[in-house]
Amino acid sequence: NNSCGGRINVALGAHAIYTSDEAYLRKVVEEARKIGSGLVTHLSETKKEFEDCISEHKMTPTEYLDSLGYFDCDGIKIAAHCVHMTDNDMDILAAKNVSAAINMSSNLKLASGVADVPKLSARGVNVSLGTDGASSNNNLNMFNEMRFASLVCKGLMRDPEIMNANTVITMATANGAKAVRNKKTGVIAQGNLADIILINADSPSIAPVNDVACAIVYSAQASDVDTVICDGKILMRKKCLLTIDEEETVKNAKLFAKRILG
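Residues numbered from 1 in each chain as written. Predicted model: local features only at pLDDT ≥ 70, side-chain atom pairs only at ≥ 80, totals over all residues. Heavy atoms only, no water.

### Observations concerning the state of the cysteines
Here is step 1: In total, this model carries 0 disulfides according to the counting rule given.
Here is step 2: Cys-4 forms no disulfide, and the closest cysteine sulfur to it belongs to Cys-230, at a distance of 9.0 Å.
Here is step 3: Overall, Cys-4 belongs to the partly exposed group, its relative accessible area being 43%.
Here is step 4: Take Cys-73: it sits in no disulfide, and the sulfur closest to it among the cysteines is that of Cys-82, at 15 Å. (Disulfide = S-S within 2.5 Å. Buried < 20%, exposed > 50% of the residue type's maximum accessible area, 1.4 Å probe, protein only.)

### Brief notes about the sheet that holds strand β6 (residues 225–230)
Here is step 1: Here 4 strands make up an open sheet; going across it, the order is β5-β6-β7-β8 and the pairing antiparallel. Unpaired on one side and paired on the other, β5 (196–199) and β8 (240–241) mark the two borders of the sheet.
Here is step 2: One ladder, built from 2 bridges, connects strand β7 (residues 233–237) with β8; its direction is antiparallel. Paired with Met-236 across the strands is Leu-241, a residue of β8. (Pairing = 2+ DSSP bridges. Helix = DSSP H or I, 4+ residues; strand = E, 2+ residues; numbered from the N terminus.)

### Examining the environment of Ser-203
Here is step 1: Take Ser-203: it is sitting in the loop between β5 and α10 (212–219).
Here is step 2: Distance in space between the C-alpha atoms of Ser-203 and Ser-223 is 9.4 Å, their sequence separation being 20 residues.
Here is step 3: Side-chain polar atoms of Ser-203 contact the side chain of Asp-224, separated by 2.6 Å. (Polar contact = N/O pair within 3.5 Å; in protein donor to acceptor, adjacent residues only side chain to side chain.)

Laid out in structure tokens, this is it:
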């Protein structure tokens with residue numbers, strides 16, 4: 001925890017209520033309190049999870065975790081997915097300062113449903129964007145997540161003005177920083193960490209840029225990122241990785257995958 005110059009912060013987390021029994025969930029809460037850790041979890045991802053919880057505990061997944069004190073810890077509090085939520089569930093997250101990490105591509109691929117992002121935000125929940133794992137997404141591309149988050153919500157609500165480009169950029173940047181409790185990143189400002197990406201505005205997928213926010217959300221591809229700067233350190237310049245051997249990394253990934261798959 002707090003390694004790499006403070007860039008890595010660790011929080012405990014039970015995977016989900018359907019993979020963790022009550023005794024385990026209580027133990028995780030107890031340990032988090034002991035060490036002052038935040039807590040993360042997957043929450044209300046599927047309709048089955050939601051209905052099974054009501055059947056077994058007479059509560060929604062959010063109400064169940066809240067009854068165990070899961071949202072009463074200090075530090076980071078993140079609930080991934082938040083697809084099947086009641087108004088009371090949203091109010092609990094807002095009151096307990098729990099951030100929702102929406103994983104639109106994963107939820108679409110698994111046919112889990114779509115989180116009501118505008119309603120979550122309207123009820124005071126900090127909504128950020130995530131990708132979930134590669135096994136349920138296949139790529140961990142935040143440009144895709146921004147685009148899907150905007151377009152899917154527009155389509156479902158039949159409102160072209162909802163979830164505009166500026167809103168989803170904020171979800172991907174400032175709201176993400178708020179979710180991980182980092183007050184010195186998320187926006188470009190004096191005194192903040194120099195966490196910046198440079199996008200090639202002359203790329204054929206973007207040019208000509210008439211509206212910067214719309215170009216980023218609806219036109220840009222991950223391959224249009226030219227330079228990546230993390231805490232002032234340049235990690236990629238002109239699409240060349242400077243801190244790892246890309247060829248060797250891909251080679252090792254293939255070897256490990258072959259070992260796992262047999």
